[in-house]
Amino acid sequence: MLRQFPGAAGACGDAERREMKAEETLRLLESEPAKELMVKLYGADQAEENAGRYRDMVEKFKKKYGDRDILMFTSPGRTEISGNHTDHNHGKVLAGSINLDCVGIAAKNGTSQVNLVSETFNQEFTVDLEDLAPSERKAGTEDLVRGLLQGFKEFGYEIGGFDAYITSNVISSAGVSSSAAFEMLLCSMINTFFNDGRMDTVAYAHVGKYAENVYWDKASGLLDQMACAVGGLITIDFLDPASPVVEKVDFDFASKNHSLIIVQTGKGHADLSADYSSVPNEMKKVAEYFGKEVCAEITKEQVIRQLKGVREFAGDRSVMRALHFFEENKRVEAEVAALKEGRFEDFLSGITASGNSSWKWLQNCYTNSNYQEQGITVALALTELFIAEKKRGACRVHGGGFAGVIMAMLPNDLTEEYIAYIEAALGEGSAYRMSIRPYGAVCVNEIL
């Protein structure tokens, strides 16, 4: 069962008595505990810059909504370290929250309206709690907010009116879950203001999934929301998706002088919806042969014993993707064990194996509908050449695949050289150095 971790959802049960006006909040941000927290959240080299984001948001909230009793919130993006395309078939993943986040300043307003300013996307809108139906287009931030509010109601939680001023530096279309970070930020606000902090991270994730499924018509799972909400480095077993088993892994990549780098390889021009849907559907087709719904309910040995019939029923690519699922689950377990036991090189080997399996077995590194466009495979090839020369590091496709993003794990003394190397090939600003932060979606006032 999910344990409630310090700094995870639900941490703000008594947050109401910690609300304070703008000047008090600004003084709080200058305190030593606040400075220490900024280092934990963003790293020593980015702590002051990010503290400035909070100060800026406090001032902007005051200017927009007046000098009210406010609270500060933060919710991170996430990175997938292993477990590529396993969650939708109730498998296992290894993921972590990153030092890019959504920051929000918010206050209850005593009305039936939610007023929201999203500075990053230059949006401002009001949602009436009496009218939470999705728009006809089922897209955009406003529909997502409506879906979150309705999700709270559907799952038996309270909602109410509040004002929020939000900014985000979670990179869009980079596989680090900018939408889920925003969703979990709003969940933290609503939980704190109207539900006495009693919700846990699983409840957050289900609300976010509901909003995307129903108000965006997006067939998403729980991985993105869970990783953003819980915080830190975590492994999740989705065997029971209604109650995923989450475990925090106490490991700091900085202790091994390694950094995680996300590389944007360029947005593909093909419509990838069919490609994304084909992965879970083909895995489930293999399970269907055995009278089951998902691959977590069958075994690799069953597939191999009845291979002829499975191939005829589901097709060869479906078989390959199912085999990836079985082996990727074992890799997640092995990588978690390696981190716990201090076998860092074995962990890096697991990342490499995961990447090779995604490329060769899962086959999600480019789309067959436009096979001449292979940004991910080009970036992986260049990165593998770099790693082969240096004899250190690991890389893999990151997230959904077919176009977009790869991940590299490299020693700190090579990161600047690698970033210069890959950006010379793919374009300036395409590589982002990240770190794992210990907190998920939280009320900042509470952890201070």
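Residues numbered from 1 in each chain as written. Predicted model: local features only at pLDDT ≥ 70, side-chain atom pairs only at ≥ 80, totals over all residues. Heavy atoms only, no water.

A. Up close: the overall build of the chain. Assigned secondary structure in the chain consists of 15 helices and 12 strands. Since a compact globule built from 448 residues should have a radius of gyration of about 22 Å, the 22 Å found for the chain is in line with a globular shape. Seen through its C-alpha atoms, the chain measures out along the principal axes to roughly 70 × 50 × 40 Å. Here the chain, with 448 residues, has 56% of them falling under the buried criterion. (Helix = DSSP H or I, 4+ residues; strand = E, 2+ residues; numbered from the N terminus. Rg over C-alpha atoms; globule rule 2.2 N^0.38 Å. Buried < 20%, exposed > 50% of the residue type's maximum accessible area, 1.4 Å probe, protein only.)

B. Layout of the side chain of Thr-367. Topologically, Thr-367 is positioned in the loop between α12 (344-362) and α13 (375-390). Residue Thr-367 is classed as buried on the basis of its relative accessible area, which comes to 2%. A distance of 2.8 Å separates a polar atom in the side chain of Thr-367 from a polar atom in the side chain of Ser-369. (Polar contact = N/O pair within 3.5 Å; in protein donor to acceptor, adjacent residues only side chain to side chain.)

C. Molecular detail of the packing of aromatic side chains. On inspection of all chains with the given rule, the structure shows 21 aromatic pairs. Centroid distance Tyr-289 to Phe-313: 5.8 Å. Interplanar angle 55 degrees. Geometry classified as tilted. Of this pair, Tyr-289 sits in helix α8 (residues 273-289) while Phe-313 sits in helix α10 (residues 307-314), and the two are 24 residues apart along the sequence. The exposure class assigned to Tyr-289 is partly exposed, which follows from its relative accessible area of 29%. For the ring pair Tyr-418 and Tyr-421, a centre distance of 6.3 Å and an interplane angle of 40 degrees mean the geometry is tilted. Within this pair, Tyr-418 and its partner Tyr-421 are both found in helix α14 (residues 412-426), separated by three residues, close to a single helical turn. A residue is classified by how much of its surface remains accessible, and Tyr-418, at 0% relative accessible area, is buried. On the basis of relative accessible area, Tyr-421 is assigned to the partly exposed category, the value being 29%. Among the aromatic residues, ring-to-ring pairing joins Phe-73, Phe-162, Phe-193 and Phe-194 into one connected group. Geometry around Phe-313 places Lys-285 over its ring, the cationic atom sitting 4.5 Å from the centre. (Phe/Tyr/Trp six-rings, centres within 6.5 Å; stacked < 30°, edge-to-face > 60°. Lys NZ or Arg CZ within 6 Å of the ring centre and 35° of its normal.)

D. Representation of the nonpolar core within the structure. By size, the foremost hydrophobic cluster in this structure holds 67 residues, and its most contacted members are Leu-94, Phe-162, Met-189, Phe-253, Leu-339 and Phe-347. Take this core: its biggest share by element is 11 residues, from helix α5 (residues 178-194). Beyond its immediate chain neighbours, meaning those up to four positions away, Phe-253 contacts Ile-81, Leu-233, His-258, Leu-339, Phe-344, Phe-347, Met-409 and Ile-436. One finds Leu-29, Ala-47, Ala-107 and Tyr-165 within the second-largest nonpolar core, a separate group that totals 26 residues. (Core = buried A, V, L, I, M, F, W, Y, C linked by side-chain atoms within 4.5 Å. Contact = heavy atoms within 4.5 Å.)

E. Broad picture of helix α1 (residues 22-29). Turning to α1, its buried residues are Ala-22, Thr-25, Leu-26, Leu-28 and Leu-29. The arc that holds every buried residue of α1, seen down its axis, measures 155 degrees, which confines them to one face. Packed against the buried residues of α1 are α2 (32-42), α3 (47-65), β1 (71-82) and α15 (444-447). (Arc of directions from axis to C-beta.)

F. Looking closely at the sheet that holds strand β8 (residues 258-264). The four strands are arranged β9-β10-β8-β11 in an open sheet whose pairing can be described as antiparallel. In the strand order of this sheet, the two ends are held by β9 (394-397) and β11 (431-434), each with one partner. When the angles between neighbouring strand axes are averaged without regard to direction, this sheet yields 20 degrees. In terms of strand pairing, β8 meets strand β10 (residues 405-411) through seven bridges, oriented antiparallel. (Pairing = 2+ DSSP bridges. Axes fitted to C-alpha atoms, helices over the stretch in contact; angles between N-to-C directions.)

G. Structural view of the layout of surface pockets. Of the voids in this model, the second largest pocket is the one considered here, and its volume is about 360 Å³. In this structure, the second largest pocket is lined by 19 residues; those nearest its centre are Asn-99, Ala-254, Ser-259, Met-434 and Ser-435. When residues of the lining of the second largest pocket are traced back to their parent elements, those giving at least two are α2, β8 and β11. Here the residues of the lining of the second largest pocket sort into eight nonpolar, seven polar and four charged. (1 Å grid on protein atoms, 1.4 Å probe; cavity = no way out; pocket = protein on both sides within 12 Å on 5 of 7 lines; lining within 4 Å. Points joined across faces, edges and corners; volume = space filled by probe spheres on them. Nonpolar A, V, L, I, M, F, W, Y, C, P; charged D, E, K, R; others polar.)

H. Seen up close, a negative patch on the surface. Taken together, the side chains of Glu-23, Glu-24, Glu-59 and Asp-67 present a region of like negative charge at the surface. With respect to the secondary-structure elements, Glu-59 resides in helix α3. (Patch = residues over 30% accessible without salt bridge, like charges linked within 9 Å, V, L, I, M, F, W, Y side chains within 5 Å. Areas by Shrake-Rupley, 256 points an atom, 1.4 Å probe, with all protein chains shown as cover. Salt bridge = Lys/Arg side-chain N within 4 Å of Asp/Glu carboxyl O. Lys, Arg positive; Asp, Glu negative; His and termini not counted. Charge placed at Lys NZ, Arg CZ, Asp CG, Glu CD.)

I. Just α2, in detail. Buried within α2 we find Ala-34, Leu-37, Met-38, Leu-41 and Tyr-42. The arc enclosing the buried residues of α2, seen along the axis, measures out at 105 degrees, which places them on a common side. Lining the buried residues of α2 we find α1, α3, β1, β2 (92-108) and α15.

J. Quick look at the pattern of salt bridges. Per the stated rule, a full pass over the model turns up 32 salt bridges. Between Asp-101 and Arg-437 there is a salt bridge, with the nearest N and O atoms lying 3.2 Å from each other. Here Arg-437 lies in the loop between β11 and β12 (442-443) and Asp-101 lies in strand β2, a separation of 336 residues in the sequence. The pair Asp-101 / Arg-437 is uniform in exposure class, with both members buried. Here Lys-138 ties to Asp-217 by a salt bridge, and the two come within 3.3 Å at their closest N and O atoms. Pair noted here: Lys-138 is in the loop between β4 (123-128) and α4 (140-154) and Asp-217 is in the loop between α6 (201-215) and α7 (223-230), with a separation of 79 residues, a long-range link. Connected via shared salt-bridge partners are Glu-80, Glu-328, Arg-331 and Arg-396.

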